Amino acid sequence: MQIVKRIGVVLLWIAGPVFVFAGINNNDPYFVPLRGAGNFLLVAASAAAVLMLLHRDFLSRRGWSGRLLIVLWCLPLLGITVSRATLVLRERSILEAEPALARTLGQHFIVGYSSFDEVARLAERGLIAGVYVTRHNLAGRTADELKAEIAALQDKRRAAGLPPLVVAADQEGGIVSHLAPPLTRLPALASLAELNEDQQKAKAEEFGRIHGQELASLGINVNFAPVLDLRPEAKRNRLDFNTLISQRAISDDPAKVGAIATAYIRGLESAGIGATVKHFPGLGRVRADTHHFRADLDTPVDELEATDWRPFRDLLSTTHARVMVGHVAVSALDPGRPASHSKAVIDGLIRKRWNYQGIVMTDDLVMGAIYQHNVCTAVVEALNAGVDLLLVAYDGLQFYRLFACASDAAERNALDIAMLRASETRLRRARMVD
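Residues numbered from 1 in each chain as written. Predicted model: local features only at pLDDT ≥ 70, side-chain atom pairs only at ≥ 80, totals over all residues. Heavy atoms only, no water.

A. Representation of the side chain of Glu91. With respect to the secondary-structure elements, Glu91 resides in helix α4 (residues 63-95). Lacking a salt bridge, the buried Glu91 has Arg121 as its closest oppositely charged neighbour, with an N-O distance of 5.5 Å. Look past the residues within four positions of Glu91 in its chain and what remains in contact with it is Glu118, Leu397 and Tyr400. (Helix = DSSP H or I, 4+ residues; strand = E, 2+ residues; numbered from the N terminus. Buried < 20%, exposed > 50% of the residue type's maximum accessible area, 1.4 Å probe, protein only. Lys, Arg positive; Asp, Glu negative; His and termini not counted. Salt bridge = Lys/Arg side-chain N within 4 Å of Asp/Glu carboxyl O. Contact = heavy atoms within 4.5 Å.)

B. Fine view of the state of the cysteines. One pass over the structure, following the stated rule, counts 1 disulfide. One disulfide bridge connects Cys376 with Cys405, the sulfur atoms lying 1.9 Å from each other. Across the disulfide from Cys376 to Cys405, rotation about the S-S bond amounts to roughly -65 degrees, and the bridge is consequently left-handed. Linking Cys376 in helix α15 (residues 375-385) with Cys405 in helix α16 (residues 398-411), this pair joins segments that are 29 residues apart in sequence. Assessed through its relative accessible area of 4%, Cys405 is described here as buried. (Disulfide = S-S within 2.5 Å.)

C. Structural view of unusual backbone geometry. Residue Lys278 is joined to His279 through a cis peptide bond whose omega torsion reads 0 degrees. Tracing the backbone through its elements, the reader meets His279 in strand β7 (residues 274-280). Cis geometry is adopted by the peptide bond preceding Pro281, which originates at Phe280 and carries an omega value of 10 degrees. Note on placement: Pro281 falls in the loop between β7 and β8 (295-297). You will see that Asn355, though not glycine, has its phi angle at about 60 degrees, which is positive. With a relative accessible area of 56%, Asn355 lands in the exposed category. A positive phi is found at Asn413, a non-glycine position, where the angle reads about 60 degrees.

D. Seen up close, the nonpolar core. Counting 97 residues, the largest nonpolar core has Phe109, Ile128, Leu179, Val277, Phe280 and Phe399 as its most contacted members. For this core, the element with the most residues is α16, which contributes 8 residues. Those residues in contact with Leu179, other than ones at most four positions away along the chain, are Val133, Thr134, Arg135, Leu138, Ala169, Gln171, Leu215, Leu218 and Ile220. Judged by nonpolar contacts, the second largest core, of 15 residues, contains Ala129, Val166, Phe224 and Leu391. (Core = buried A, V, L, I, M, F, W, Y, C linked by side-chain atoms within 4.5 Å.)

E. Seen up close, helix α12 (residues 310-318). Where α12 is concerned, the buried positions are Pro311, Phe312, Leu315 and Leu316. Buried residues of α12, viewed axially, fall in a sector of 120 degrees; they line one side. Turned more than 90 degrees from where α12 packs its buried face, Ser317 and Thr318 sit exposed. (Arc of directions from axis to C-beta.)

F. Seen up close, the sheet that holds β7. Read across the open sheet, the 8 strands follow the order β11-β9-β7-β6-β3-β2-β1-β12; overall the sheet is parallel. Bordering the open sheet on either side are β11 (360-362) and β12 (390-392), each of which pairs with just one other strand. Relative to strand β9 (residues 322-325), β7 runs parallel, the two sharing 3 bridges. Of the residues in β9, the one forming a bridge with Thr276 is Arg322. (Pairing = 2+ DSSP bridges.)

G. Molecular detail of the pattern of salt bridges. Per the stated rule, a full pass over the model turns up 19 salt bridges. Members of the salt-bridge network, linked through shared partners, are Asp170, Glu172, Arg248 and Lys278.

H. Main features of the pairing of strand β1 (residues 109-112). Burial of the side chains of β1 extends over both faces: Phe109 and Val111 are buried on one face and Ile110 and Gly112 on the other. With 3 bridges connecting them, β1 and β12 associate as parallel partners. Paired with Phe109 across the strands is Leu390, a residue of β12. As judged from the 3 bridges shared by β1 and strand β2 (residues 130-133), these two strands associate in the parallel manner. Each residue of the ladder has a partner; that of Val111, found in β2, is Val131. What joins β1 to β2 is helix α6 (residues 116-124), and the crossover it makes is right-handed. (Right-handed = clockwise from strand over helix to strand, strands pointing away.)

I. Highlighting the environment of Asp347. Residue position: Asp347 is located in helix α13 (residues 343-353). Spatially, the C-alpha atom of Asp347 lies 34 Å from that of Ser114, the residues being 233 residues apart in sequence. Setting aside its immediate chain neighbours within four residues, Asp347 contacts Ser342, Lys352, Ala385 and Met419. Polar contacts involving the side chain of Asp347 include one to the side chain of Lys352, which spans 2.5 Å. (Polar contact = N/O pair within 3.5 Å; in protein donor to acceptor, adjacent residues only side chain to side chain.)

J. Fine view of the packing of aromatic side chains. Within this structure, the stated rule accounts for 10 aromatic pairs. Between Trp309 and Trp354 the ring centres are 6.1 Å apart and the planes differ by 75 degrees, which places this aromatic pair in the edge-to-face class. Residue Trp309 is located in the loop between α11 (301-306) and α12, and its partner Trp354 is located in the loop between α13 and β11; the two are separated by 45 residues in the primary sequence. Like Trp309, the residue Trp354 is buried in the burial classification. For the ring pair Phe399 and Phe403, a centre distance of 5.5 Å and an interplane angle of 50 degrees mean the geometry is tilted. Remark: Phe403 and Phe399 occur in helix α16; sequence separation between them is 4 residues, near one turn of the helix. For Phe403, a relative accessible area of 0% puts it in the buried group. Among the aromatic residues, ring-to-ring pairing joins Phe109, Phe399, Tyr400 and Phe403 into one connected group. (Phe/Tyr/Trp six-rings, centres within 6.5 Å; stacked < 30°, edge-to-face > 60°.)

This is the structure we're talking about:
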């Protein structure tokens, strides 16, 4: 019996720091699964541990070690309280932001959401440009209910005299079909790569038309597709558990990727849905998964222009597609800085060298390649580089932190006004085209 008690005490010493870490970092995207019921369980477990230790009179029987163990198990409760208070204060500060500043900066953010009431407040105050809709927005609901929710958000925008929201989804086909069901689950565009050229184009356009019509029926107006990354060698990245680009990429042939993607975009646009080509500068050659780690692309620019970048450059010059820039650093242009906030890549290459004046957006800024580093620096550098839209998809609550980063930079005159004005012009032009 004495051995069991000692083991129990050892386990409390081991588990305590884990609970403290979870409490202090409660607002971190990696702890999204803990929110709600998870938070309740964390609080309940911490409180139960403290009560049990007090009941067993650890304060007097164990001396300083007993008191330290009780303090340790009080810290998760304190950590959660502080982290939640920080979030509430930040939310209140953003919601009370000066209207002109709110709308100037808000037009650059697209956010994922779980709470309609919360995102509605952001939408009607002009604090966001759009919303990202994914599978959790459909959980336990019908397509008609989601459609009504999107319509209600747009009604609030109209009532506030603001432009319509961008309503975006990730409906590529294949393993990334976040709204299927209830939408049709189509095969990945990669399934068309072995057809003859005419069949490829016909089927790709049909896929785009089906996606477009179904997304439009819900009130969604932008699709984060197609993928233009070249397919990597089969064994190149065995640690890619999240991006899974080998299953999503159309082909390793740039010409085939361009032809199939062009036809797919034609189908999307026929239904009034904007396309988004991704993930520039390409994930096919990188080994690290940017959901968690930074990645570098060490290939010479001339080689990239002739291969990986060929579909991007061709489609950006022949369609109305937006481009999503990923968190991969192009070593030859801006070593160590992810392309998503690199002025050398966005303004120097995409804007000036390629003369693309459409919408540039980031991949999700909640991904580890950005968020686990200096995310405030990334936000400011992205806006100053000429990025038009900042995506906060996986954990929409991080919007408040990222908006605060931009707001603080504005107060310090650290934002490039000329870049912001040029971006505002592009966003206005895009709304007219849409």
